[in-house]
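Now for the letters of each chain:
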Amino acid sequence: MSGGRWPSAVVPGALVLAAAWSLIPLGAWMADASLGYYATTWQAWFWGTVVAGLAAAAALLLSRGAAATWLLDGWRRLAGRPRAPWFVAVVSVVLAGAALATCLVAFSGNPRNVDGFAQLFQARIFLAGRLWAPPPPPAEIANFATLHVIIGPRWFSQYPPGQSLVLAAGLAAGAWWLLNPVFAVALVAGTYRVARWCAGETSARLSAVLLCLSPFVVAVSGSEMSHLPAAALGVLAAASAAGAERRWRRSAAVAGALLGVLAAVRPLDAVSAAVPVAVILLMAAPPGRRIAALGVTGIAGALFTVPLLWYNAGTTGSWHELGYIYLWGPNHSLGFHPVPWGIPLTPARAVGLTSLDLHQLDAYLFDAPFPVLVLVAVAFVAARRRLGERDAVPVVGAGALVGLLFFYWHRDVFYGPRFLFTAVPWLVILVARGLVLLRRVGRDVAPGVTAGHAAVFAFAVAMALGLATVTPGRLAAYRRATPVFDLHPDRDAKRAGIHHAVVVIPDGWGTRLIVRMWAQGVPAPRSTRLYAAIDACSLEQALDRASAAGTGGPPLVAGLDSLASLGRPGIRTGATLDPNLRLPASGALAPECRAELARDSAGMLAFAPFLYLNRPSLDGDVVWARDLGAGNAALFARYPDRARYRYAPREAGGEPVFTPLDRTVEARAVR
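Definitions and limits used
Residues numbered from 1 in each chain as written. Predicted model: local features only at pLDDT ≥ 70, side-chain atom pairs only at ≥ 80, totals over all residues. Heavy atoms only, no water. Helix = DSSP H or I, 4+ residues; strand = E, 2+ residues; numbered from the N terminus. Rg over C-alpha atoms; globule rule 2.2 N^0.38 Å. Buried < 20%, exposed > 50% of the residue type's maximum accessible area, 1.4 Å probe, protein only. Contact = heavy atoms within 4.5 Å. Lys, Arg positive; Asp, Glu negative; His and termini not counted. Charge placed at Lys NZ, Arg CZ, Asp CG, Glu CD. Polar contact = N/O pair within 3.5 Å; in protein donor to acceptor, adjacent residues only side chain to side chain. Phe/Tyr/Trp six-rings, centres within 6.5 Å; stacked < 30°, edge-to-face > 60°. Salt bridge = Lys/Arg side-chain N within 4 Å of Asp/Glu carboxyl O. Pairing = 2+ DSSP bridges. Axes fitted to C-alpha atoms, helices over the stretch in contact; angles between N-to-C directions.

Description of the overall build of the chain
Of regular secondary structure, the chain possesses 29 helices and ten strands. Here the C-alpha radius of gyration of the chain, 27 Å, is about what a compact globule of 671 residues would show, namely 26 Å. Once the C-alpha set of the chain is aligned to its principal axes, its extents read approximately 85 × 55 × 50 Å. Every one of the 671 residues in the chain was classed for burial, and the buried ones make up 56%. Here the contacts in the chain between residues at least 6 apart in sequence split such that 76% fall between residues at least 24 apart. In the chain, 57 side chains carry a positive charge and 36 a negative one; their mean positions are 11 Å apart.

Remarks on the side chain of arginine 512
Mapped onto the elements, arginine 512 comes out in helix 24 (residues 509–519). Given a relative accessible area of 4%, arginine 512 falls into the buried group. For arginine 512, the side chain forms a polar contact with the main-chain oxygen of aspartate 507, separated by 2.5 Å. If we skip the residues at most four places from it in the chain, arginine 512 touches Asp507, Glu596, Arg599, Asp600, Asp627 and Leu628.

A short note on the packing of aromatic side chains
Under the criterion given, the structure shown has 24 aromatic pairs. Residues phenylalanine 46 and tryptophan 47 carry aromatic rings whose centres are separated by 5.0 Å and whose planes lie at 80° to one another, so their mutual orientation is edge-to-face. Residue classification places phenylalanine 46 among the partly exposed residues on the basis of a relative accessible area of 48%. Taking the relative accessible area as the measure of exposure, tryptophan 47 reaches 51% and is therefore exposed. With a centroid separation of 5.5 Å and 70° between ring planes, the pair formed by phenylalanine 117 and phenylalanine 485 is classed as edge-to-face. Separated by 368 residues along the polypeptide, phenylalanine 117 in helix 6 (residues 114–127) and phenylalanine 485 in the loop between helix 22 (471–481) and helix 23 (489–495) bring together distant segments of the chain. Residues phenylalanine 117 and phenylalanine 485 agree in their burial class; the two are buried. Among the aromatic residues, those joined into a ring-pair cluster are Trp328, Trp341, Tyr408, Trp409 and Phe419.

Things to note about the pattern of salt bridges
According to the stated counting rule, one finds 23 salt bridges in the structure shown. Residue aspartate 115 is joined to arginine 418 by a salt bridge in which the shortest nitrogen-to-oxygen separation is 3.2 Å. Here the residue aspartate 115 occupies a position in helix 6, and arginine 418 occupies one in the loop between helix 19 (392–405) and helix 20 (424–438), the gap between them amounting to 303 residues. Both residues of the pair, aspartate 115 and arginine 418, count as buried. Arginine 512 is paired through a salt bridge with aspartate 600; the nearest N and O atoms lie 3.0 Å apart. One end of the pair, arginine 512, is in helix 24; the other, aspartate 600, is in helix 28 (residues 591–601), with 88 residues separating them in the sequence.

Describing the sheet that holds strand 10 (residues 656–660)
Two orientations exist for strands paired in a sheet by backbone hydrogen bonds: parallel and antiparallel. Here four strands make up an open sheet; going across it, the order is 8-5-9-10 and the pairing mixed. Each edge of the open sheet is held by one strand with a lone partner, namely strand 8 (622–627) and strand 10. With strand direction ignored, the average angle separating the axes of adjacent strands in the sheet is 30°. Across six bridges, the pairing between strand 5 (residues 501–506) and strand 8 is parallel. Among the inter-strand pairings, proline 506 is bridged to a residue of strand 8, identified as aspartate 627.

Shape descriptors only; they carry no functional weight alone.
Given below as structure tokens:
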């Protein structure tokens, strides 16, 4: 890659585009967000910036600039001491400790995302020495079916195997979260190494510190989700590529191997991570060896992708078909087309979703009271004459994932825009580099303090303000959001002395309807459409009729399609704690529907988070299953010698308890 002055134009230009994209409310005009969502954030940023600016100005004035000098002097001492390995070790331990504390305190040591529920069950399958488990009998499918877990001829998670292997190693050692600190350390070490190559020692150390100060990073690092290992593997691959200046063969091979492993964790992230790796190799490898280095990386990556292909062949039956394509169909993949659920992706919608991604990244990365991307853009524009071609690498690293996600249809916010998490190390490097550049910009505003120094000091004040006022509320909200995720029914069972038992856990009526559709042969992609198009009572009656007649599969789907065509999706009434449950607009309910509402009003939990407590063979000391009322008959018949319990609150909002179920009463009495 040639030199020249192109970085002074291209790098700031790309960052200005990203900053503008994050601020303009394209997500409200073209995607799902409301204009009020943007307006609320703008207001918080405005007042937060004003307060932080006034506080910083007051501190500078009262100290006659000494406050900024103290901050910078302290940073210089930290940047020079201790030696780099010790510095990285200390910062890594801080992030690992923060992640572990968040997991155990804020998250109660429990999984909290539906992806993690499925991956933890797959981890149990791996610990049983299998790629997939035999499915439960057809009459019990609804007792055990959960979202993103495939029940067909084989029972397995829809996700690639990488994260489930990580979780399996943790479970084997005693707790699923035990490997999180290891990957947190790897994330810091990889980010530091590649940042030093891109931007120097000061930026590298600041990048490591900023990772620890990011509530988004800490929360994701404390979760069961696959984003932490993916980000760590991606940045480690880039760090290895940076070593090609001295040992190009080994560095290229290790980088490729890490990308291959990453493909088994998050395949799309592996594709995006390969872009900065390739760019670094083209810049770092000796002249005349650059194409060869790319070849070595490609070969190593292909070899280390073989286990993923083997896993696919053993589960979906096709080496190139991932589980989520097998379950949801080809429309789950990238592109502008109809989607398994939600709104079809169009180019305009992709523009809006990308805007929303960047806007949320501004809001969640540091909980800062200002848009972080704007700060980065301003810093790089102000210092554009000092930019080199290595400054383009973090832009490429972050932009590769943003560009690929432009063609992906699904988004959600979980501790932040989680789909962008693998780009976070690159974004943190950009922030650190921007601050280092900014401190040298502008004239003196006080003895020994430039305008850039003052801006960096204001950034530090604003960061402290955000971490003190916003972050505690976010963490509390994460904990309060879903109380069921705080439960540990396995521990409660041990304390209650429950052994050799079947325990049923109540789900909401809506969930019961969906799993009953799956059990009666309605494909998962069709079930999401049908559930959205038919009110709960009509769907309940249709499934009851099909069950009594012994019809399912295509005939049932055809009947439900006829119901859906009537255009009576029902209305949300708030009759239960399930906000998505819809009842007939007329308000008239059949007796069986009133019975289902009564079951929910007594208190409901959720079964999916606890599926992984089972052995995949469903022969553990305690078998955990979904409570289906009368539908439990086949389940109980399979375990005639076991005690039966229902784990649920006695009243809505109460603490769950184990209630023995009378073995002499017909299963319908469970209602």
